[in-house]
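Listed below, chain by chain, are the residues.
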Amino acid sequence: MKLRIQNGRLIDPSQDIDAVTDLFVDNQKIVAIGEAPEGFEDAEVIDASGQWVLPGLVDLAVSLREPGMTQKGNIATEGRAAVSGGVTTLVCPPDTRPIVDTAAVAALIQDKADDAGMANVFPLGALTQGLEGAQLSNMVALTDAGCIALSNHRHPMASTKVLSRALEYAATHDLLVVFHPDEASLSEGGCAHEGLMSTMHGLAGIPEEAETIALMRDLLLVEKTGVRAHFARLSCAKSVEMIADAKASGLDVTADVAVHNLLLNDQVLSRFDGHYHVLPPLRSDEDRLTLIEGIKAGVISAICSDHQPHEKMAKIAPFAATEPGMANVEILLPLAMQLMDEGDLDFSTVLTCLTSGPAACFGLEAGSLSVGSFADFILFDSTARWVWSYEGRKTKGHNSPYFGDEFVGRVMSTYISGQRVYQAV
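Residues numbered from 1 in each chain as written. Predicted model: local features only at pLDDT ≥ 70, side-chain atom pairs only at ≥ 80, totals over all residues. Heavy atoms only, no water.

Peer 1: Give me the overall build of the protein chain: which residues, what numbers.
Peer 2: The number of helices and strands found in the protein chain is 14 helices and 18 strands. Against the compact-globule benchmark of 22 Å for 425 residues, the protein chain has a radius of gyration of 21 Å, which places it among compact chains. With the principal axes as the frame, the protein chain shows a C-alpha extent of 65 × 50 × 40 Å. Within the protein chain, the proportion of its 425 residues that are buried is 59%. Taking the contacts inside the protein chain whose residues are at least 6 apart along the sequence as the reference set, 74% of them involve residues at least 24 apart. Taken as a whole, the protein chain presents about 16,400 Å² of accessible surface, with 48% of it coming from carbon and sulfur. Computed over 30 positive and 56 negative side-chain charges, the inter-centroid distance for the protein chain is 5 Å. (Helix = DSSP H or I, 4+ residues; strand = E, 2+ residues; numbered from the N terminus. Rg over C-alpha atoms; globule rule 2.2 N^0.38 Å. Buried < 20%, exposed > 50% of the residue type's maximum accessible area, 1.4 Å probe, protein only. Contact = heavy atoms within 4.5 Å. Areas by Shrake-Rupley, 256 points an atom, 1.4 Å probe, with all protein chains shown as cover. Lys, Arg positive; Asp, Glu negative; His and termini not counted. Charge placed at Lys NZ, Arg CZ, Asp CG, Glu CD.)

Okay, structure coming up:
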């Protein structure tokens, strides 16, 4: 199908484009910007007047919960939630049941994603068998089966020696490894940032050192082995400094941050609301502001939703007894746009961290409207005011502190390979 998206404000930081112009799609790909190519007289015309035409978002952290935890979500529901938020490409973690430590499980996830016909889904493969941290997985087989990278998620390794051997093997085959830096002996049993607020409210704290000690170890092993590395969900000011130093020294490392760690701090603990229970925890405002500075400086390349849907009962308990995680993929873009006020970021920087930035971290051909790329794009009304209602959510998850909030800016349509997969009503 040929499409002509006309009169929209096309914004694509990867090409330094911000102009009212036309976009042309043919045979699933973008074939021209501005001037119509030959033979487009019979194209379907979509009038995008008053809307922004943006690259589809790339989210590096969306838990689909399938297989094994379908009471929380499944590939169809969370894929639908993703595209309603403008996410056309997503990476899902390996902590399903069964674990993504065999080619069969990786293939199952991708087959179900294809059947759902929503976002492009790339699973992470388990770095070790069963995520138990003891025996290495068959990393090459997982990669051949479509896993975009390897990770042990937030599960501890049996020893630093095992981790070193895993990284040596990954480096030999030029595989990307995703780290969630966490020293389990320091974070175990904790549920909140260790500081004044956790002490005042009697909550077991997770010190910043749980992240930074693990991060230092991981960076030393990255330097030793030469493995390509991505550090996921940074939460501390010191972590930003350490990643900046690693980049300056020439290490092949990238990093991301969850959008809620950019917008919220541990002051919300005073609400005793389990919806704010996340890992890594919401930390001090100094940490939050330094994370934003890390984005400005290019130290952090990606902003993700860290979407983790849960059933209602998972959050109906005292704070420490609730399961961690928020389900915010549907509102990733309007949430990130709040950083333009909160952190003095420009829209181009925010959009880069939601599109070409994360795509580059994982070597994905996504996040750009360049000629020849797949036509994954969204139409966005930057002035629309709307309330994200609990009843109107697309996710199966019940866990977000943002239900009932009014947002400015709404995804109106989402297209993947030139096919419309979502239309706001």
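Peer 1: Which residues make up the domain arrangement of the protein chain, and what values do they have?
Peer 2: For the protein chain, the domain assignment lists domain 1 (2-53 + 374-384 + 405-423) and domain 2 (56-369). Centre-to-centre separation of domain 1 and domain 2, based on C-alpha positions: 29 Å. Facing 23 residues of domain 1, the contacting portion of domain 2 comprises 26 residues. Inspection of the domain 1/domain 2 interface yields zero salt bridges. The interface formed by domain 1 and domain 2 includes six residue pairs in polar contact (both at pLDDT 80 or more). Elements with a minimum of two residues in the side of domain 1 that touches domain 2: β1 (3-12), β3 (29-33), β5 (52-55), β16 (377-387), β17 (406-416) and β18 (419-423). The element best represented in the side of domain 1 that touches domain 2 is β17, accounting for seven residues. (Domains from an automatic or database assignment. Salt bridge = Lys/Arg side-chain N within 4 Å of Asp/Glu carboxyl O. Polar contact = N/O pair within 3.5 Å; in protein donor to acceptor, adjacent residues only side chain to side chain.)

Peer 1: Report on the side chain of Asp218, specifying residues and quantitative values.
Peer 2: Within the element layout of this structure, Asp218 appears in helix α7 (residues 209-225). Residue classification places Asp218 among the buried residues on the basis of a relative accessible area of 2%. A distance of 3.0 Å separates polar atoms of two side chains, one belonging to Asp218 and the other to Arg217. Those residues in contact with Asp218 that sit more than four places away from it in its chain are Leu163, Phe179, Pro181 and Phe231.

Peer 1: Account for the packing of aromatic side chains, naming residues and giving values.
Peer 2: According to the stated counting rule, one finds nine aromatic pairs in the structure shown. Geometrically, the ring pair formed by Phe377 and Tyr415 is stacked, given 4.6 Å between the ring centres and 10° between the ring planes. Here Tyr415 lies in strand β17 and Phe377 lies in strand β16, a separation of 38 residues in the sequence. Owing to a relative accessible area of 0%, Phe377 belongs among the buried residues under this scheme. The exposure class of Tyr415 is buried, given its relative accessible area of 4%. Taking the centre distance of 5.9 Å and the plane angle of 40° together, the rings of Trp386 and Phe407 count as tilted. Taken as a pair, Trp386 in strand β16 and Phe407 in strand β17 lie far apart in primary sequence, 21 residues in all. Judged by relative accessible area, which is 2%, Phe407 ranks as buried. (Phe/Tyr/Trp six-rings, centres within 6.5 Å; stacked < 30°, edge-to-face > 60°.)

Peer 1: Provide a residue-level description of the environment of Val100, including the pertinent values.
Peer 2: Structurally, Val100 is set in the loop between β7 (87-92) and α2 (103-116). Taking the relative accessible area as the measure of exposure, Val100 reaches 0% and is therefore buried. Along the backbone, Val100 and Pro67 are 33 residues apart, and their C-alpha atoms lie at a distance of 9.5 Å. In this view, Val100 contacts Pro93, Pro94, Val105, Ala106, Ile109, Leu124, Gly125, Ala126, Leu142 and Cys147; residues no more than four positions away in its chain are not counted.

Peer 1: An account of the state of the cysteines is requested, with residue identities and associated values reported.
Peer 2: Scanning all chains against the criterion turns up zero disulfides. For the unlinked cysteine Cys353, the closest cysteine sulfur is that of Cys361, found at 8.8 Å. (Disulfide = S-S within 2.5 Å.)

Peer 1: Which residues make up unusual backbone geometry, and what values go with them?
Peer 2: Omega for the peptide link from Glu66 to Pro67 comes to 5°, which places this bond in the cis form. With respect to the element layout, Pro67 can be found in the loop between β6 (57-59) and α1 (75-84). Residue Pro98 is bonded to the preceding Arg97 through a cis peptide linkage, with omega at 10°. Summarising the element assignment, Pro98 is placed in the loop between β7 and α2. For Asn27, which is not glycine, the phi torsion reads 55° and is therefore positive. Of note, Asn27 is situated in the loop between β2 (17-26) and β3. Residue classification places Asn27 among the exposed residues on the basis of a relative accessible area of 61%. If you check the backbone angles, Leu131 has positive phi at about 55° while not being a glycine. You can see Leu131 is positioned in the loop between β8 (120-126) and α3 (139-144). Taking the relative accessible area as the measure of exposure, Leu131 reaches 3% and is therefore buried.

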